[in-house]
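Examining the three-dimensional arrangement
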Amino acid sequence: QVQLVESGGGLVQAGGSLRLSCAASGRTFSNYNIGWFRQAPGKEREFVAAINWGGMTYYTDSVRGRFTISRDNTKNTVYLQMNSLKPEDTAVYYCAADQHSISTMEGSYDYWGQGTQVTVSP
């Protein structure tokens, strides 16, 4: 089993930046693919970004060029650097782990964190 804990959320004005962290414990973290998802009130959970064991990354179109996903396997941590934030980025952000492959589909992920709130004011 893998336990994931997100942190780094908060309130920021439009145009500002936040860095989210996803800390993992349990099985060997470096062998997992990690995805970030988000869910706004009244909306479905959506894919944001993902990184595989070798560092290959994927982003949803709405965040490409603004967000950067990275990982530090020595710290069992994945980061999501969010720049040029917009009000529409407001959501609860979740990280998730998949041991098999990188994916944009939430059904591919086996382990999920509790989420961290990101609020972007106009």
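A brief report on the enclosed structure follows. (Residues numbered from 1 in each chain as written. Predicted model: local features only at pLDDT ≥ 70, side-chain atom pairs only at ≥ 80, totals over all residues. Heavy atoms only, no water.)

If you look at the biggest cluster of nonpolar residues, it comprises 29 residues, and the most contacted ones within it are W36, L80, M82 and Y93. Elements with a contribution of two residues or more to this core: β1 (2-7), β3 (18-26), β4 (33-39), β5 (46-51), β7 (67-72), β8 (77-82), β9 (91-98) and β11 (116-121). Contact partners of L80, with chain neighbours within four places excluded, come to L18, R19, L20, W36, V48, A49, F67, T68, I69 and Y93. F37, A50, A96 and Y109 belong to the second-largest nonpolar core, a separate cluster that totals five residues. (Core = buried A, V, L, I, M, F, W, Y, C linked by side-chain atoms within 4.5 Å. Buried < 20%, exposed > 50% of the residue type's maximum accessible area, 1.4 Å probe, protein only. Helix = DSSP H or I, 4+ residues; strand = E, 2+ residues; numbered from the N terminus. Contact = heavy atoms within 4.5 Å.)

So, on to the sheet that holds β8. Spatial strand order, β1-β3-β8-β7: four strands in an open sheet with antiparallel pairing. The sheet terminates laterally at β1 and β7, the two strands that pair on one side only. For this sheet the average axis-to-axis angle between neighbouring strands, irrespective of direction, equals 15°. As paired strands, β3 and β8 are joined by six bridges and run antiparallel to one another. Among the inter-strand pairings, L18 is bridged to a residue of β8, identified as M82. (Pairing = 2+ DSSP bridges. Axes fitted to C-alpha atoms, helices over the stretch in contact; angles between N-to-C directions.)

Attention shifts here to the pattern of salt bridges. Per the counting criterion, the structure on display carries five salt bridges. For R66, the salt bridge identified is with D89, shortest N-O distance 2.8 Å. One end of the pair, R66, is in the loop between β6 (57-59) and β7; the other, D89, is in the loop between β8 and β9, with 23 residues separating them in the sequence. Look at R66 and you get buried, because its relative accessible area is 11%. Owing to a relative accessible area of 0%, D89 belongs among the buried residues under this scheme. (Salt bridge = Lys/Arg side-chain N within 4 Å of Asp/Glu carboxyl O.)

As a further point, take the pairing of β7. The alternating pattern of β7 places F67, I69 and R71 on a buried face and T68, S70 and D72 on a face that is not buried. Direction of pairing for β7 relative to β8: antiparallel, over a ladder of six bridges. Within β8, the residue paired with S70 across the bridge is Y79. Where β7 hands over to β8, the hairpin turn is made up of four residues, of which N76 adopts a positive phi near 50°.

Despite not being glycine, N76 shows a phi value in the positive range, around 50°. Tracing the backbone shows N76 in the loop between β7 and β8. Positioned with a positive phi, S84 is a non-glycine residue whose angle comes to about 50°. With respect to the helices and strands, the residue S84 is situated in the loop between β8 and β9.

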